[in-house]
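# Residue-level structural notes
For reference, the chains in residue letters:
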Amino acid sequence: MNFKSKQNAFSLIELLIYVAIFSIVAGLMTGILTMVLKVNQKESASAEATSQLNFVMQTIGRLVRESSNIEMATSTATSTLKLRMKDSAGLSANRDPIVIWLDEPSKLIKMSEGTGTYQRISDLTDNKIIADKLLFTKFSQYPGHDTVSIDIQLTYNSTNPNSRITRALQSAIA
């Protein structure tokens with residue numbers, strides 16, 4: 001009787017080669033996944049900072065163009081912008097005056113519309129963003145329109161230093 005033995009198991013060297021290849025591939029895949037997650041986190045932080053910067057700038061631009069007067073000292077940088085609006089006095093829809101400022105304790109950019117019982121205060125930025133700087137400067141060009149220069153800097157609010165993306169913009173609106 002002649003029995004032929006079948007080899008069903010791996011040899012020790014084959015097993016070591018397979019484990020080494022698996023370890024290298026697993027390490028590479030982990031590295032790739034880590035890099036993708038870091039890039040994704042950085043890009044989402046950048047998108048959030050840019051989005052809120054655009055929103056604040058568009059809101060301020062629209063309100064300055066709608067205003068009848070920019071009420072602040074000329075050629076002096078300040079963190080508060082006061083705009084007078086052409087609204088009827090005493091109505092619930094009265095938005096006069098509109099004040100935009102940087103709230104230092106919360107690091108949010110805020111806006112106030114109206115006065116007294118009709119006053120509404122809202123946030124232009126949320127807690128995902130830290131408003132580092134907000135400066136307004138008024139320039140008068142008699143007999144033309146006044147111009148407001150805006151210097152703004154926003155940082156994504158994160159404990160991870162790689163995600164602390166900062167966006168800054170200097171612009172002027174007439």
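Since we're looking at a predicted model, the values are computed, not measured.

Attention shifts here to the pattern of salt bridges. As enumerated under the stated definition, the model contains seven salt bridges in all. Here Asp123 and Lys110 are joined by a salt bridge, their closest N and O atoms 3.2 Å apart. Here the residue Asp123 occupies a position in strand 5 (residues 120-123), and Lys110 occupies one in strand 4 (residues 108-113), the gap between them amounting to 13 residues. You can call Lys110 buried: its relative accessible area is 19%. Where Asp151 meets Lys133, a salt bridge forms, and the shortest distance between an N and an O atom there is 3.1 Å.

Turning our eyes to something else, we now look at the sheet that holds strand 2 (residues 80-84). Reading across the sheet, the five strands line up as 1-2-3-4-5 and stay open at both edges, with antiparallel pairing between neighbours. Two strands lie at the open edges of the sheet, namely strand 1 (69-70) and strand 5, each paired on one side alone. As paired strands, strand 3 (residues 98-103) and strand 4 are joined by six bridges and run antiparallel to one another. Counterpart to Ile100 in the pairing with strand 4 is Met111.

What counts and what doesn't
Residues numbered from 1 in each chain as written. Predicted model: local features only at pLDDT ≥ 70, side-chain atom pairs only at ≥ 80, totals over all residues. Heavy atoms only, no water. Salt bridge = Lys/Arg side-chain N within 4 Å of Asp/Glu carboxyl O. Helix = DSSP H or I, 4+ residues; strand = E, 2+ residues; numbered from the N terminus. Buried < 20%, exposed > 50% of the residue type's maximum accessible area, 1.4 Å probe, protein only. Pairing = 2+ DSSP bridges.

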